[in-house]
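The residues making up each chain are set out below.
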Amino acid sequence: MGDFENKEREEVFSKKVRAGKRTYFFDVKATRSNDYYITITESKKRFEDGQFIKHKIFLYKEDFEKFAEGLTDVVEYIKSNQEVVEKRYEPNFDDTTYAAESSKDDFSF
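Residues numbered from 1 in each chain as written. Predicted model: local features only at pLDDT ≥ 70, side-chain atom pairs only at ≥ 80, totals over all residues. Heavy atoms only, no water.

### Some details on the overall build of the protein
Spelled out, the test is: By definition, any uninterrupted DSSP run of H or I lasting at least four residues is a helix, any uninterrupted run of E lasting at least two residues is a strand, and each is numbered from the N terminus. When accessible area is computed with a 1.4 Å probe and restricted to protein chains, residues below 20% of their type maximum are described as buried, those above 50% as exposed, and intermediate ones as partly exposed. Note on contacts: a residue pair is in contact if any heavy atoms of the two residues lie within 4.5 Å. Areas reported here follow the Shrake-Rupley algorithm with a probe of radius 1.4 Å; residue values treat only the protein chains shown as occluding.
When helices and strands are tallied, the protein shows three helices and four strands. Relative to its 109 residues, the protein shows a buried fraction of 14%. Summarising the internal contacts of the protein: among those between residues at least 6 apart in sequence, 29% fall at separations of at least 24. Just so you have it, the protein exposes about 8,900 Å², and 52% of that area is on carbon and sulfur atoms.

Below, the structure written as structure tokens:
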């Protein structure tokens, strides 16, 4: 069980979403039996040392519906109980976070 990263399959599809100081990666991958699953990664630069902190979850197809329902429920709760201000995130080209993340083509962690 020691070498889990090498057992991960190549990405089938990937979507990168920049949201302020965070970047989210939504990656579709395939198991050895060609079943698709999703990895969701949050990346945020730590101010103390400039390192990127990443959190990753794996979402398997048998959980898609319940996950989507739960996410929809909590988003609707927030929208109905608190004003949501839509922000437009434009990349700041002087921002070192943007430059460091955009220059990284591989998503190995």
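Once you've had a look at it, read on.
### What to know about the side chain of Asp27
Using the following cut-off: By the counting rule applied here, Lys and Arg register as positive and Asp and Glu as negative, while His and the ends of each chain are not counted. Salt bridges are counted wherever a side-chain nitrogen of Lys or Arg sits within 4 Å of a carboxyl oxygen of Asp or Glu. In protein, a polar contact requires one atom able to donate a hydrogen and another able to accept it; more generally it is a pair of N or O atoms within 3.5 Å, and residues adjacent in sequence count only if both atoms are side-chain atoms.
One can find Asp27 in strand β2 (residues 22-30). Here Asp27 is buried and forms no salt bridge, its nearest opposite-charge partner Lys29 lying at an N-O distance of 5.3 Å. Among the polar contacts made by the side chain of Asp27, one reaches the side chain of Ser14 at a distance of 2.5 Å.

### Focus: the pattern of salt bridges
Inspection of the entire model under this criterion finds four salt bridges. With a closest N to O distance of 2.9 Å, Arg22 and Glu42 form a salt bridge. Remark: Glu42 occurs in strand β3 (residues 36-45) and Arg22 occurs in strand β2; sequence separation between them is 20 residues. Owing to a relative accessible area of 32%, Arg22 belongs among the partly exposed residues under this scheme. Linked through salt bridges whose partners overlap, the residues forming this network are Arg46, Glu48 and Asp49.

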